[in-house]
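Listed below, chain by chain, are the residues.
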Amino acid sequence: MSSHQIMHVRLPGLKLLVRTDGTEKKKAPWLVLSNSLAADHTMWDAQVKLLTSRFRVLRYDTRGHGQSDVPSGPYSFDLLVDDVIGLLDQMKIERAHFMGLSLGGMTGIGLALKVPERLESLVVCDARADAPEAFVKGWEERIAAIERDGMKSIVAGTVERWLVPQFRAKHPDIVRRVERMIVETPAAGYVGCAHALKRLDYLRSMQGITAPSLFVVGREDAGAPPPVMQQMAARVPKALFEIVENAAHLPNIDNERGFEAAISHFLGLS
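Reading guide: rules and limits
Residues numbered from 1 in each chain as written. Predicted model: local features only at pLDDT ≥ 70, side-chain atom pairs only at ≥ 80, totals over all residues. Heavy atoms only, no water. Helix = DSSP H or I, 4+ residues; strand = E, 2+ residues; numbered from the N terminus. Buried < 20%, exposed > 50% of the residue type's maximum accessible area, 1.4 Å probe, protein only. Expected span 1.5 Å × (residues − 1). Contact = heavy atoms within 4.5 Å. Phe/Tyr/Trp six-rings, centres within 6.5 Å; stacked < 30°, edge-to-face > 60°. Lys NZ or Arg CZ within 6 Å of the ring centre and 35° of its normal. Axes fitted to C-alpha atoms, helices over the stretch in contact; angles between N-to-C directions. Parallel < 35°, antiparallel > 145°, perpendicular 65-115°, else oblique. Left-handed = near helix turned anticlockwise from the far one by under 90°. Nonpolar A, V, L, I, M, F, W, Y, C, P; charged D, E, K, R; others polar.

Draft legend 1. Inspection of the side chain of Thr 20 at higher detail. Relative to the helices and strands, Thr 20 resides in strand β2 (residues 14-23). Residue Thr 20 is classed as buried on the basis of its relative accessible area, which comes to 10%.

This is the structure we're talking about:
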């Protein structure tokens, strides 16, 4: 029997919105999903049916996003990682599989390095592990635009980076939903996390990841290009690497089937 539950989980200094889906069988493994910047837990809606065929799925709105609290920033990846550890503790989950995209994938890398004993496996989607100068400058420009004109000022550019043109043309309803998700992200939460991204510095430590790992990226992703992610995967012992064709920064949305094919064998879904 499948079920879902939505709640707020209280951690030191904030409450996080959490949704759980899946079988009520207590022995089913847990899979934690972590959203990208300017998104919330609903970005994974299309994957829930597939994932709950094996897992109890825990989704949460990252601090500063969705219906979670927006503590004053700036934030750091240490904070974002500690939020996940706190969630696992509060939900009494000793070990879990973890899949994150972009900001969520970077959080997963930090989690794998900080508490390897808590992870069964790691899926990192469309993420970086370092912050080169051009990357930092891009975040500074977006922070300035938001502080000047609000979240609406970055919607068009974000959607262009996230979804390939042919998908945007064919699915205006989904594009509108994504645009709404971006606009409704609290500006202070976005800026808080953007400051964490400016200080991203996991690349030098990637070889320390011991969890079975899969790195997945959309072929057209300009923010976390396939060559960058392939180099990240190469640093992690025995990590796998998959490219999703006809997809950009959110391949789980603009090529659902391709994305699900890329993760299914690794997660024991096929």
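Draft legend 2. Looking closely at helix α4 (residues 133-149). Between its terminal C-alpha atoms α4 stretches 24 Å, which fits the 24 Å expected from 17 residues at 1.5 Å a residue. Phe 135, Val 136, Gly 138, Trp 139, Ile 143, Ala 145 and Ile 146 are the residues of α4 that are buried. On its buried face, α4 sits against α8 (187-198). Taken from the residues just after α4, Gly 150 is the one with a positive phi, measuring 80°.

Draft legend 3. Representation of the packing of aromatic side chains. In total, this model carries four aromatic pairs according to the counting rule given. Here the aromatic rings of Trp 44 and Phe 259 are separated by 6.4 Å at their centres, their planes lie at 45°, and the arrangement is tilted. Of the two residues, Trp 44 sits in the loop between β3 (30-34) and α1 (48-51) while Phe 259 sits in helix α11 (residues 256-264), which places them 215 residues apart along the sequence. Given the relative accessible area of 0%, Phe 259 is considered buried. Taken together through their ring pairs, the aromatic side chains of Phe 135, Trp 139 and Tyr 190 make up a single cluster. One cation-aromatic arrangement involves Arg 63 over Tyr 75; the distance from NZ or CZ to the ring centre is 5.3 Å. The aromatic ring of Trp 139 is capped on one face by Arg 142, whose charged end is 4.2 Å from the ring centroid.

Draft legend 4. How the structure looks around the packing of helix α5 (residues 155-162) against helix α7 (residues 172-183). Axis separation between α5 and α7 bottoms out at 10 Å; the angle between their running directions is 125°. Here α5 lies oblique to α7, going by the angle between them. With respect to the hand of their crossing, α5 and α7 are arranged in right-handed fashion. Between α5 and α7, the contacting residues are Val 155, Thr 158, Val 159 and Trp 162 on the first element and Val 175, Val 178, Glu 179, Met 181, Ile 182 and Val 183 on the second. By residue class, the composition of the contact of α5 with α7 is eight nonpolar, one polar and one charged.

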